[in-house]
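Analysis of the macromolecular model
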Amino acid sequence: MKKIVVSIILLNLLAACASQKPQEPAAPAPVTTAPAPAPAAPPAAAVTAPAPVAQIAVDPLNDPSSILAKRSVYYPFDVAVVQDNDKPIVQAHAKYLSEHANRKVRLEGNCDERGSNEYNLGLGQRRADGVKKMLMLGGVKDGQLDSVSYGEEKPRASGHDEASWSQNRRTDLNYAK
């Protein structure tokens, strides 16, 4: 009888050492003539954390989820001032360019088809120069920037309606390769 009680206690201790969960204190076993409990299961394999994934540095210009993926600033009809909703784009590019002095950008001013060729060339240049001024105020060096006007010569949309014209009134930021 004493052997059975000692065997039960030893088996409980062995089972407690093999598991990872804290066990509640065992109540004293009643003295019976029941068969001894089955042996404890083998201990579980130790759980290890996965190896850390190597971080690859991605240029934010190539990250489609970055604000720097937006490379066009849009304008209302006959306006050359950067609109409030596009200022964060220009500011993000200014921060990037000021931190990467080796990068260069060509600012391309564009217009819709309304207006004379001469007027649209001038308006496109004012648009490109306005973005250039904002970039320089953000810390970009003049040597990193080049501004040009295409007027109405390089439309993004070919339609003759407001939806197309609104896509053509823009300044594009084209980074040099």
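Data block above holds the structure.
This report concerns the structure included in the present document. Fair warning: this is a prediction, and the values are worked out from it, not measured in the lab. (Residues numbered from 1 in each chain as written. Predicted model: local features only at pLDDT ≥ 70, side-chain atom pairs only at ≥ 80, totals over all residues. Heavy atoms only, no water.)

1. Examining the nonpolar core
Stated precisely, the cut-off is as follows: In plain words, nonpolar cores are sets of buried Ala, Val, Leu, Ile, Met, Phe, Trp, Tyr and Cys residues tied together by side-chain atoms within 4.5 Å. Partly exposed describes any residue whose relative accessible area lies between the buried limit of under 20% and the exposed limit of over 50%, with all areas from a 1.4 Å probe on protein chains only and scaled to the type maximum. Helix numbers and strand numbers start at the N terminus; a helix is a DSSP run of H or I with at least 4 residues, a strand a run of E with at least 2. The criterion used for residue contact is that any of the two residues' heavy atoms lie within 4.5 Å.
Of all hydrophobic cores here, the largest spans 19 residues; its most connected members are V73, L97, V105, L107, V131 and L135. Those elements that place two or more of their residues in this core are α2 (87-99), β2 (105-110), α3 (117-137) and β4 (170-175). No other element matches α2, which puts five residues into this core. V73 has contacts with V82, D86, V90, V131, R169, R170, T171 and L173, leaving out every residue within four places of it along the chain.

2. Looking at the side chain of D112
Operational definition: For the purposes of these results, a polar contact is taken to be a pair of N or O atoms within 3.5 Å, where, inside protein, one atom must be able to donate a hydrogen and its partner to accept one; residues adjacent in sequence count only when each atom of the pair is a side-chain atom.
Examined against the element boundaries, D112 turns out to sit in the loop between β2 and α3. Within the structure, the side chain of D112 is placed 2.8 Å from the side chain of R114, a separation counted as a polar contact. Apart from the residues within four sequence positions on either side, D112 is in contact with F77, N120, E152, W165, N168 and R169.

3. Here we look at α2
Each turn of an α-helix holds 3.6 residues, which means side chains three or four residues apart point in the same direction. Rules: Any helix carries an expected span of 1.5 Å times its number of residues minus one.
End to end, α2 covers 18 Å across 13 residues, agreeing with the expected 18 Å (1.5 Å per residue, within 8%). Within α2, burial applies to I89, V90, A92, H93, A94, Y96 and L97. Contact partners of the buried residues in α2: β1 (72-74), β2, α3, β3 (145-151) and β4.

4. Some remarks on the pattern of salt bridges
Quick note on the threshold: Basic side-chain nitrogens of Lys or Arg form a salt bridge, by our definition, when they fall within 4 Å of a carboxyl oxygen of Asp or Glu.
Under the definition given, this model contains eleven salt bridges. Here R106 and E108 are joined by a salt bridge, their closest N and O atoms 2.6 Å apart. Note that D112 is salt-bridged to R169, the shortest N-O span being 3.1 Å. Remark: R169 occurs in the loop between α4 (162-168) and β4 and D112 occurs in the loop between β2 and α3; sequence separation between them is 57 residues. Exposure remark for D112: the relative accessible area of 3% places this residue in the buried category. A single network of salt bridges, built from pairs that share partners, joins D112, R114, E162 and R169.

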